[in-house]
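Spelled out, the chains give:
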Amino acid sequence: MAKYILKRILWMIPIIIGVIFLVFTLMYFTPGDPARNALGMTATEEAIEAWNAEHGLDQGFWVRLFNYYKGILHFDFGTSYTNGVSIAGEILSRFPYTILVGMLTLVIAVAVGIPTGVLAATHQNTWIDNLCMAGTMFFTAMPGFWFCLVMVMFFSLRLGWTPVSGYETWRHYIIPCVAMGVGSSAGIARQTRSSMLEVIRQDYVTTARAKGQKERNITYNHCLRNGMIPILTVIGGFLAFLISGSLVSEQIFSIPGMGVYMFKGIQQKDVPVVLGCTVVIAIYFCVIMLVTDIVYTIVDPRMKTAMISISKKVRKDGKK
Amino acid sequence: MKRQNRKKSQAAIVMKRLFRNKTAVIGMAVIIILLLIAIFAEQLMPYDYAFQDYYALFQPPGGDYLLGTDHLGRDLLSRLIYGCRISLVIGLFSVILSALIGGALGCVAGYYGGMTDNLIMRFLDVYQSVPAFVLALAMSSVFGYGVPMTILALGISGMSGYARMMRGSIMTIKGAEYIEAARAVKGNDLHIILKHIIPNAISPMIVNMSMGVGNAILMVSMLGFVGMGVPAPTPEWGAMLAAGRNYMRDSGYLVVIPGIAIVITVMAFNLFGDGLRDALDPKLKD
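Residues numbered from 1 in each chain as written. Chains lettered and ligands numbered in written order. Predicted model: local features only at pLDDT ≥ 70, side-chain atom pairs only at ≥ 80, totals over all residues. Heavy atoms only, no water.

Q: Report on the layout of surface pockets, specifying residues and quantitative values.
A: All names here are of chain A. In this structure, the second largest pocket encloses a volume near 730 Å³. What lines the second largest pocket is a set of 28 residues, and nearest its centre among them are His55, Leu57, Arg64, Tyr81 and Pro272. Put simply, the parts of the chain that give the lining of the second largest pocket at least two residues each are α1 (2-28), α2 (34-39), α3 (45-54), α4 (61-73) and α13 (271-299). With four residues, α4 is the single largest residue contributor to the lining of the second largest pocket. (1 Å grid on protein atoms, 1.4 Å probe; cavity = no way out; pocket = protein on both sides within 12 Å on 5 of 7 lines; lining within 4 Å. Points joined across faces, edges and corners; volume = space filled by probe spheres on them. Helix = DSSP H or I, 4+ residues; strand = E, 2+ residues; numbered from the N terminus.)

Below you can see the structure in the form of structure tokens.
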């Protein structure tokens, strides 16, 4: 087990190196003249050359890429083109907010999605099931940020229960996290329902019922636990969506996270800021995916042997 | 002649199954209506989408302006109608682009296998480590604004799922006898891929594409909402929401109505995609 996790963590290193390469290459082709933008139209040629040299823009692609890797090893993402502030420091102060919003959203999505799916599956083909499924259909089609706005209109502006925007107290986080979480719970609920329906007619469930287990115990320990793997896969897939969603909800509620910083960077053509944010978000995403994979093995021990044997097989194939 | 007949009946069976599915038919009907709205946008718009009536700012729905006017006195209904064209064009074409790029990569990986496959798959591992929306954001900051650029950004950033899917279905087809037969008569690789493999691997791709359109439209609106994508004054639904947001205390309809338009469009594509999946492969039905 420890060996598997270690292997998985080591595998992250080439992925992250690759991601940095991908994003760096992409951003390298950003059109425009950043020195001109930063110094204004009246700047002299010498001033522009000096600015380019200062930001390392007078060097070739590979040198810049190498320097960027070297910088990241020391947690240095360069400085912003527009105000010269260190990007690493800015990211460090903003990242906790993004994680907080993202994780709270995830918790709510799971806490709403799984029970909804279970409820729909245990009441299959009744009005409860139909209602749940119609609800999920609506929520998957709905842009999360729109739901945020509608909830703000109703709960903050009309009823005045929660603040409209800000980040100081826990009350500020209710609407962004609940709106985004409920919005993304729909996919989880659908998957929970279909994997519950798959196991609900298995023989071991009938056996459990025949020996007089409580219905609750059957539902959660016999059915749900066995149907958990596809649900976890869906949750893993939703994480990308969720991270993007939390970036947008930060923007709506003026939470000073990565989202606001990145969007501003894009508008001001501040390439290092966009690059740094993208890289950090990608690393964040990799780590969450790693955690999902580890949770797999905890929830379903069968997966552990499967994964270990797959990695062995891959190695063997590689040798051939 | 015989083969033609069989092919026809296969399509007929799928269509029959599709038409029996009520929700899918509703989805299809809504898609057709939306397509008609998008095509005939100029004729349907009661006013020009950029026309500003300064004597009628923030008119609530009803009255002269059926769905009301925004902060510049522009007719909301006309803007929604024209926005429908923008959303559908970007949604449809970006998905087609994704499927083409992803499909080509997946074909090459699945058909040749070995080192080529390994390289492409590792590239996709890296590619998928960046959330699609973040990648689309980074790309549109490089490509710039406008409809073609947004299609390009969304199309390229969304291709990895199609590549994996195409690779998967090709790997199951590759061992089939008819491929072996085609190889035995010395068909070249391109011919085998285009004539024998793709027609047999296309149905899951089509299902995925029809569901992908809804997702792409959501992404467009997210991009528009954060100020990327299509520049003003072109009415893009997400950008309309972003603009309406500043006035939502008194003019809530500016936020509610464009959102409903997005929900209806995305839902229609999702319902249709679900129905198509069930019709093409009844085993997959959940």
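Now, onward.
Q: Hey, could you go over the packing of aromatic side chains for me, with residue numbers and the actual values?
A: To describe a pair of aromatic rings, one takes the distance between the centres and the angle between the planes. What the rule picks out here adds up to 14 aromatic pairs over all chains. A centroid spacing of 5.4 Å and a plane angle of 40° characterise the contact between Phe24 of chain A and Tyr68 of chain A, whose relative ring orientation is tilted. Of the two residues, Phe24 of chain A sits in helix α1 while Tyr68 of chain A sits in helix α4, which places them 44 residues apart along the sequence. Considered together, Phe24 of chain A and Tyr68 of chain A belong to a single accessibility category, that of buried residues. Residues Phe145 of chain A and Phe225 of chain B carry aromatic rings whose centres are separated by 4.3 Å and whose planes lie at 25° to one another, so their mutual orientation is stacked. Placement of the pair is Phe145 of chain A in helix α7 (residues 144-158) and Phe225 of chain B in helix α10 (residues 189-225), with the two residues belonging to separate chains. For the pair shown, Phe145 of chain A and Phe225 of chain B are each scored as buried. (Phe/Tyr/Trp six-rings, centres within 6.5 Å; stacked < 30°, edge-to-face > 60°. Buried < 20%, exposed > 50% of the residue type's maximum accessible area, 1.4 Å probe, protein only.)

Q: Outline the domain arrangement of chain A, supporting the account with residue identities and numerical values.
A: For chain A, the assigned domains are domain 1 (2-73) and domain 2 (90-267). Look at where the C-alpha atoms of domain 1 of chain A and domain 2 of chain A centre, and you get two points 36 Å apart. (Domains from an automatic or database assignment.)

Q: Requested: an account of the side chain of Ser195 of chain A, with residues and values cited.
A: All names here are of chain A. For Ser195, the position within the fold is in helix α8 (residues 171-200). According to the relative accessible area criterion, Ser195 is buried, its value standing at 4%. In this structure Ser195 touches Gly227, Pro230 and Ile231, once residues within four positions along its chain are discounted. (Contact = heavy atoms within 4.5 Å.)

Q: Describe the pattern of salt bridges, listing the residues and the values that go with them.
A: Taken as a whole and judged by the stated rule, the model has nine salt bridges over all chains. Here Arg193 of chain A ties to Asp129 of chain A by a salt bridge, and the two come within 2.8 Å at their closest N and O atoms. Of the two residues, Arg193 of chain A is situated in helix α8 and Asp129 of chain A in helix α6 (residues 127-141); the sequence distance between them amounts to 64 residues. Asp125 of chain B serves as the salt-bridge partner of Arg122 of chain B, at 3.0 Å between the closest nitrogen and oxygen. (Salt bridge = Lys/Arg side-chain N within 4 Å of Asp/Glu carboxyl O.)

Q: Account for the state of the cysteines, with residues named and values stated.
A: Residue and element names in this part refer to chain A. By the definition in use, this model includes zero disulfides over all chains. Counting only cysteine sulfurs, Cys148 is the nearest neighbor of Cys177, a cysteine outside any disulfide, at a range of 9.0 Å. Taking the relative accessible area as the measure of exposure, Cys177 reaches 2% and is therefore buried. (Disulfide = S-S within 2.5 Å.)

Q: Account for empty space enclosed by the protein, naming residues and giving values.
A: Scanning the entire structure with this criterion turns up two cavities of 30 Å³ or more. Looking at the largest cavity, its volume works out to about 40 Å³. Lining the largest cavity are Met27, Thr30, Gly265, Ile266, Lys269, Asp270, Val271 and Val274 of chain A together with Ser141 of chain B. Grouping the amino acids of the lining of the largest cavity by side-chain chemistry returns four nonpolar, three polar and two charged. Quantified by volume, the second largest cavity comes out at close to 30 Å³. Lining the second largest cavity, in full, are Leu106, Ala109, Ser184, Ile188, Ile235, Phe238, Leu239 and Leu242 of chain A. Partitioned by chemical class, the residues of the lining of the second largest cavity number seven nonpolar, one polar and no charged. (Nonpolar A, V, L, I, M, F, W, Y, C, P; charged D, E, K, R; others polar.)

Q: Please give an account of the side chain of Glu250 of chain A that cites residues and values.
A: Residue and element names in this part refer to chain A. Here Glu250 shows up in helix α11 (residues 228-253). Buried charge without a partner: Glu250 forms no salt bridge, and the closest opposite charge is Arg94, 6.7 Å away. A distance of 3.2 Å separates a polar atom in the side chain of Glu250 from the backbone nitrogen of Met258. Contact partners of Glu250, with chain neighbours within four places excluded, come to Tyr97, Thr98, Ile255, Gly257, Met258, Gly259 and Val260. (Lys, Arg positive; Asp, Glu negative; His and termini not counted. Polar contact = N/O pair within 3.5 Å; in protein donor to acceptor, adjacent residues only side chain to side chain.)

Q: Summarise the packing of helix α6 (residues 132-143) of chain B against α10 of chain B; cite the residues concerned and give the values.
A: All names here are of chain B. α10 packs onto α6 with a crossing angle of 55° between their chain directions and a minimal axis gap of 11 Å. With respect to each other, α6 and α10 are oriented oblique. Between α6 and α10 the crossing geometry is right-handed. Residue-level contacts link Ala132, Phe133, Leu137 and Ser140 of α6 to Met219, Met222 and Leu223 of α10. The residue inventory of the contact of α6 with α10, partitioned by class, reads six nonpolar, one polar and no charged. (Axes fitted to C-alpha atoms, helices over the stretch in contact; angles between N-to-C directions. Parallel < 35°, antiparallel > 145°, perpendicular 65-115°, else oblique. Left-handed = near helix turned anticlockwise from the far one by under 90°.)

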